[in-house]
Amino acid sequence: MTDFTIAPERAECADAIEALHEDAFGPGRFTRAAFRLREQGPHDGALSFVALSAGGELLGSVRMTPLVTGASGHHGYLLGPLAVAVPHKNRGFGRALVRRAVEQSGATGTARFVLLVGDASYYNPLGFVPVPPGRVLMPGPVDPTRLLVHPLGDAAVPGALAGMVMHESRSTTMPALASP
């Protein structure tokens, strides 16, 4: 594996990260439920990371967006997008980014979980488990088998999550939902 460092995302990385997202996900990324959630408010720059080569080349990026579930009121983060530059895929950079983002999210002491929409085969070894079907609603259609959660600390979260997921900044302006 190439020597690399994981560092907090910096403003000067924004254009390179956007190009990486365009390359990895294309224009269709704007219609996905996870993107709809991310467009409700900014990601948390302190919990969003980049993988950089020893020469400063952007190898990958992961962002964390603060969120809350409407009915349960649990605070957490949406992981993603996670993207690794095509020439650097399958070398462990994505997993290293996920591990750092989850670890740092847990260190905040306020978040109970990390949620994502992704492939269970990739994320299960990193501690993510399926969200019980029908418990959590995203702001758009999501394949329920791809909605995964990683509890933080000793929180018994998967069965406790309920309701619409929204950006944390909107939680004070949106009414709470009844449990499904």
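In this numbering scheme, every chain counts its residues from 1 along its sequence in written order. For this predicted model, a pLDDT threshold of at least 70 governs which residues receive local features, and a threshold of 80 or more governs which side-chain atom pairs are given and counted, while totals over whole chains, interfaces and linings are taken from all residues. With hydrogens and water set aside, each side-chain value is computed from the structure's full complement of heavy atoms.

Here we come to the environment of Pro-8. Helical segments are the DSSP runs of H or I of at least four residues, strand segments are the runs of E of at least two, and each set is numbered from the N terminus. Inspection of the secondary structure assignment puts Pro-8 in strand β1 (residues 4-8). Relative accessible area serves as the criterion here: at 44%, Pro-8 is assigned to the partly exposed category. For the pair Pro-8 and Arg-63, spaced 55 residues apart in sequence, the C-alpha separation works out to 9.8 Å. When checking whether two residues touch, look at their non-hydrogen atoms; a contact exists if any pair is within 4.5 Å. When near neighbours in sequence (up to four residues on either side) are disregarded, Pro-8 contacts Ser-48, Phe-49 and Val-50. Between buried and exposed lies partly exposed: a residue is buried under 20% and exposed over 50% of the maximum accessible area for its type, with that area taken using a 1.4 Å probe on protein chains only.

Take the pattern of salt bridges next. Opposite charge on two side chains allows them to pair when their charged atoms are near. Salt bridge criterion: a side-chain nitrogen from Lys or Arg within 4 Å of a carboxyl oxygen from Asp or Glu. Going through the model one piece at a time under the given rule, you end up with three salt bridges. Arg-10 is the salt-bridge partner of Glu-12, the closest N and O atoms lying 2.8 Å from each other. Judged by its relative accessible area of 36%, Arg-10 is partly exposed. The residue Arg-146 makes a salt bridge to Asp-119 at a minimum N-O spacing of 2.3 Å. Here Arg-146, found in the loop between β7 (136-137) and β8 (147-151), pairs with Asp-119, found in the loop between β5 (113-117) and α4 (120-123); they are 27 residues apart in sequence, far enough to count as distant. The partly exposed category is assigned to Asp-119, whose relative accessible area is 43%.

Before going further, it helps to spend a moment on the packing of aromatic side chains. For this analysis, a ring pair means two rings from Phe, Tyr or Trp (six-membered ring only for Trp) whose centres lie within 6.5 Å, classed as stacked if their planes differ by under 30 degrees, edge-to-face if by over 60, and tilted for the remaining angles. In this structure the tally under the stated criterion is three aromatic pairs. Seen from their ring centres, Tyr-122 and Tyr-123 are 4.8 Å apart, and the 75° between their planes marks the pair as edge-to-face. Judged by relative accessible area, Tyr-122 falls into the partly exposed class, the value being 25%. Residue classification places Tyr-123 among the buried residues on the basis of a relative accessible area of 10%. Here the aromatic cluster, defined as three or more aromatic residues joined through ring pairs, consists of Tyr-122, Tyr-123 and Phe-128. Stacked on the ring of Phe-49, the Lys or Arg Arg-100 has its end atom at 5.9 Å from the ring centre. Lysine and arginine charges are scored as sitting over a ring when NZ or CZ, respectively, is within 6 Å of the ring centre and within 35 degrees of the ring normal.

Interpretation of this model should avoid reading the predicted coordinates in detail wherever pLDDT is low. As a per-residue quantity, pLDDT reports the predictor's confidence and falls between 0 and 100. Counting all residues, the mean pLDDT for the protein chain is 83, and 83% of those residues have values of 70 or more. For the protein chain, the element scoring lowest by mean pLDDT is helix α2 (residues 33-38), at 71; α4 scores highest, at 96. Every residue in residues 173-180 is under pLDDT 50, and counting partners more than four places away or in other chains gives 13 contacts.

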